[in-house]
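This is what each chain is made of:
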Amino acid sequence: MPGRMRYVQPPPAEFPYASTSTSPYPSPTYAVSPLSVSSGPVTTPPFNHTRSLYACAPLPALNGYIHPALDAHNTHLTYDVSYDPSCTPSTPPIFAPRVLAEAATTPSLPCVTVVSDCFPWRIAVYPSSRKAGAYVTVADVLHTIYRELHRQVRPEELQSAPPRVVDAARLAHFSRCNRLAQAGDPVAAQSEAYKGIRRIDFLQGRHKFSGLLSTAETPDVWQLSVAS
């Protein structure tokens, strides 16, 4: 009838992800086949290292230099290692504090080793400073050599040394005690005689410090040079 509204039902909404298939056949199932396992070991093709950017190359040799004050070829410092370097008379006088505080080696190192042909011990020198990045100084070398040379030799160390070396050390010990007595200090002479052989006695009376020499070892190992 004219003038009356008719209601029209809208079509059903379509969703893009809704299945509209009317096939009578079900969707196929997907099966994952297991990986095949080889019965032998897995090997990789050979790699040509000589053509690789990561080919091994030898490290460059490191050169080390000793401070001129300690260099056996250059030093003017001569003093008796049987005395504390802080108070020993030397010719010329012991270096100024500025020189003593300088690095013993170039480059500066946190540890230096001193060896000698006169005894089997290796003297390890460490910085006296406890600050981060501290290095061995000229003073550290002199004081450590003095301290280590005055260590008493243990009986087992004497037994392991060659007999002729021990005999020479005993004679040097006897002579050192006699010098103390002749210098007017019989108490010190008797005390040293009672304590026995020290490492310094293996120098056989060669107590004049003549500097340090380079060795065939790493740049942190130096040989002690002494003279009569």
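Just so it is clear, the structure is predicted and the values come from calculations on it, not from any experiment.

## Quick look at unusual backbone geometry
Phase 1: Cis geometry marks the peptide bond from threonine 106 to proline 107, where omega comes out at 0°.
Phase 2: With a phi close to 55°, glutamine 204 is a non-glycine residue in the positive phi region.
Phase 3: Position of glutamine 204 among the secondary structure elements: in the loop between α5 (186–195) and β5 (208–214).
Phase 4: The partly exposed category is assigned to glutamine 204, whose relative accessible area is 45%.

## A short note on the sheet that holds β5
Phase 1: Taking strand neighbours across the sheet as the criterion, the 4 strands line up as β4-β3-β6-β5 in an open arrangement whose pairing is mixed. On the outer flanks of this sheet lie β4 (123–125) and β5, each paired with one strand and no other. Looking at each pair of strands side by side, their axes are set apart by 30° on average, direction ignored.
Phase 2: With 5 bridges connecting them, β5 and strand β6 (residues 221–227) associate as antiparallel partners. Of the residues in β6, the one forming a bridge with leucine 213 is glutamine 223.
Phase 3: Where helix α2 (residues 138–149) meets the sheet, it contacts β3 (112–115), β4, β5 and β6, and its direction lies at approximately 145° from that of β4.

## Let's talk about the packing of aromatic side chains
Phase 1: One pass over the structure, following the stated rule, counts 3 aromatic pairs.
Phase 2: Measuring from centroid to centroid gives 5.5 Å for tyrosine 79 and phenylalanine 209, while their planes differ by 35°, and the two rings are tilted. Residue tyrosine 79 is located in the loop between β1 (65–66) and α1 (97–100), and its partner phenylalanine 209 is located in strand β5; the two are separated by 130 residues in the primary sequence.
Phase 3: A relative accessible area of 0% means that phenylalanine 209 is categorised as buried.
Phase 4: Taken together, Phe119, Trp121 and Phe202 form an aromatic cluster joined through their ring pairs.

## Digging into the packing of helix α4 (residues 163–182) against α5
Phase 1: Contact geometry of α4 with α5 gives a least axis separation of 7 Å together with a crossing angle of 165°. By the angle between their directions, the pair α4 and α5 is classed as roughly antiparallel. Of the two possible hands of crossing, α4 and α5 adopt the one that is right-handed. Listed contacts from α5 to His173, Arg176, Cys177, Leu180 and Ala181 of α4 are Ala188, Ala189, Glu192 and Ala193.
Phase 2: Among the residues making up the contact of α4 with α5, the classes are represented as 6 nonpolar, 1 polar and 2 charged.

What counts, and where the lines are drawn
- Residues numbered from 1 in each chain as written.
- Predicted model: local features only at pLDDT ≥ 70, side-chain atom pairs only at ≥ 80, totals over all residues.
- Heavy atoms only, no water.
- Helix = DSSP H or I, 4+ residues; strand = E, 2+ residues; numbered from the N terminus.
- Buried < 20%, exposed > 50% of the residue type's maximum accessible area, 1.4 Å probe, protein only.
- Pairing = 2+ DSSP bridges.
- Axes fitted to C-alpha atoms, helices over the stretch in contact; angles between N-to-C directions.
- Contact = heavy atoms within 4.5 Å.
- Phe/Tyr/Trp six-rings, centres within 6.5 Å; stacked < 30°, edge-to-face > 60°.
- Parallel < 35°, antiparallel > 145°, perpendicular 65-115°, else oblique.
- Left-handed = near helix turned anticlockwise from the far one by under 90°.
- Nonpolar A, V, L, I, M, F, W, Y, C, P; charged D, E, K, R; others polar.

Note that every value here comes from positions in space, so none of it alone points to a role or purpose.
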